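# Structural description and commentary
Read off the chains here:
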Amino acid sequence: MTVKKNIFISHHHGDDSHVDSFTQMLGRHDYRVRNSSVRMKPANERRVQQGRVKDETIKRLLRMKMRWASTVVVLIGPKTHNRPWVNWEIEQAHRLGRRIVGVYLRGGTEANVPKALNDYGHAIVNWNTKSVVDAIEAKDNRFEKPSGELREPVHSLATSQC
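Note that the structure is a prediction, hence the values are computed from the model and not measured. (Residues numbered from 1 in each chain as written. Predicted model: local features only at pLDDT ≥ 70, side-chain atom pairs only at ≥ 80, totals over all residues. Heavy atoms only, no water.)

### Focus: the overall build of the chain
This is how it is decided: Numbering goes from the N terminus for both helices and strands, where a helix is a DSSP run of H or I of at least four residues and a strand is a run of E of at least two. Residue burial is assigned from relative accessible area. The probe radius is 1.4 Å, only protein chains are included, and a residue is buried under 20% of its type maximum, exposed over 50%, and partly exposed in between. The contact rule is simple, with two residues in contact once any of their heavy atoms fall within 4.5 Å. Shrake-Rupley sampling with a 1.4 Å probe provides the accessible areas, and residues are treated as covered by the protein chains on show and by no other component.
For the chain, the count of helices and strands is six helices and five strands. The helix and strand sequence of the chain, counted from the amino end, reads β-α-β-α-α-β-α-β-α-β-α. Scored against the burial criterion, the 162 residues of the chain give a buried share of 43%. Within the chain, counting contacts between residues at least 6 apart in sequence, those at least 24 apart form 69% of the total. Here the chain has roughly 9,100 Å² of accessible surface; of this, 46% comes from carbon and sulfur atoms.

### Focus: the sheet that holds strand β5 (residues 123-125)
Our working definition: We call two strands paired when DSSP finds no fewer than two bridges between them. For helices, the fitted axis covers only the stretch in contact; all axes are lines through C-alpha atoms, and the angles between them, taken along N-to-C directions, range from 0 to 180 degrees.
Taken together, the five strands give an open sheet; going across it, the order is β2-β1-β3-β4-β5, and neighbouring strands pair in parallel fashion. A strand with exactly one partner marks an edge of an open sheet, and here the two such strands are β2 (31-35) and β5. If you compare each strand with its neighbour and ignore which way they point, the axes differ by 35 degrees on average. Seen against the sheet, helix α1 (residues 16-27) touches β1 (3-10), β2, β3 (71-76) and β4 (99-104) and runs at an angle of roughly 150 degrees to β2. Strands β1, β2, β3, β4 and β5 of the sheet are contacted by helix α6 (residues 129-136), whose axis makes an angle of about 165 degrees with β4.

### Concerning helix α4 (residues 84-95)
Selection criterion: Take the residue count of a helix, subtract one, and multiply by 1.5 Å to get its expected span.
Over its 12 residues, α4 extends 17 Å from the first C-alpha to the last, a length consistent with the 16 Å expected when each residue adds 1.5 Å. For α4, the complete set of buried residues consists of Val-86, Asn-87, Trp-88, Glu-89, Ile-90, Gln-92 and Ala-93. In this structure, the buried residues of α4 make contact with β1, α3 (55-68), β3, β4 and α5 (115-120). Note on α4: the residue one or two positions beyond its end, Gly-97, has a positive phi of about 75 degrees.

### Concerning the pattern of salt bridges
For the record, the criterion: Here, a salt bridge means any Lys or Arg side-chain nitrogen found within 4 Å of an Asp or Glu carboxyl oxygen.
Summed over the entire model, instances satisfying the criterion amount to seven salt bridges. The residue Asp-134 makes a salt bridge to Lys-130 at a minimum N-O spacing of 2.6 Å. Linking Asp-134 with Lys-130, this pair stays in helix α6, spanning four residues, or about one helical turn. Residue Asp-134 is classed as buried on the basis of its relative accessible area of 14%.

### A few points about unusual backbone geometry
Although it is not a glycine, Asp-30 adopts a positive phi angle of roughly 60 degrees. With respect to the helices, strands and loops of the structure, Asp-30 is situated in the loop between α1 and β2. Even without being glycine, Ala-138 reaches a positive phi, approximately 65 degrees. Structurally, Ala-138 can be placed in the segment after α6. We classify Ala-138 as partly exposed; its relative accessible area is 44%.

### What about the packing of aromatic side chains?
Stated precisely, the cut-off is as follows: Note on aromatic pairs: the rings of Phe, Tyr and Trp (six-membered ring only in Trp) are paired at centre separations within 6.5 Å, and the planes decide the class, stacked below 30 degrees, edge-to-face beyond 60, tilted for the rest.
Tallied over the entire structure, the rule returns two aromatic pairs. On the numbers, 5.9 Å between centres and 65 degrees between planes, the contact of Phe-22 with Trp-127 is edge-to-face. Highlighted residues: Phe-22 in helix α1 and Trp-127 in the loop between β5 and α6, separated in sequence by 105 residues. Here Phe-22 matches Trp-127 in class, with each residue buried. With centroids separated by 5.9 Å and ring planes inclined at 75 degrees, the aromatic side chains of Trp-85 and Trp-88 adopt a geometry described as edge-to-face.

### As for the environment of Ile-90
Turning to its location among the elements, Ile-90 is positioned in helix α4. Taking relative accessible area as the criterion, Ile-90 reaches 0% and is therefore assigned buried. For Ile-90 and Asp-119, which are 29 residues apart along the polypeptide, the C-alpha to C-alpha distance reads 9.3 Å. Dropping the residues within four chain positions of it, Ile-90 is found in contact with Val-74, Ile-100, Pro-114, Ala-116, Leu-117 and Tyr-120.

Right, here's the structure in full:
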């Protein structure tokens with residue numbers, strides 16, 4: 001049975017090819033991802049770099065796309081941790097009450113984890129279909145090292161009982 005999930009994939013634009021690999025990996029296991037993240041075409045990227053697009057315009061677009069998703073997945077690569085837009089997206093996901101899951105790309109390290117992901121993430125897992133699906137579905141809130149070994153979360157998740 002195919003599972004469909006609306007996900008916003010936060011990533012460094014240099015890792016665009018990994019977004020495709022990520023959705024394909026899950027698709028091979030009957031998990032269909034509808035990705036609402038923004039992937040800039042070269043012409044739009046030039047406009048942003050030239051300052052011809054206001055930050056508020058970008059934020060409004062990102063918020064619209066993030067509201068549509070139930071989960072925000074952060075792809076953790078070598079340059080992810082110092083990308084201001086990735087941290088902003090994670091903080092916004094937290095404000096919107098979205099589930100936030102980090103996934104290490106091959107070559108990603110603990111040093112590459114964005115500060116906001118350590119602050120607000122619900123799980124950080126290795127590039128493994130079962131681990132990723134369990135984290136997205138909130139079946140597992142584990143924090144892993146890139147090797148797959150467990151690590152302690154930087155923050156404690158809030159829990160409530162009725």
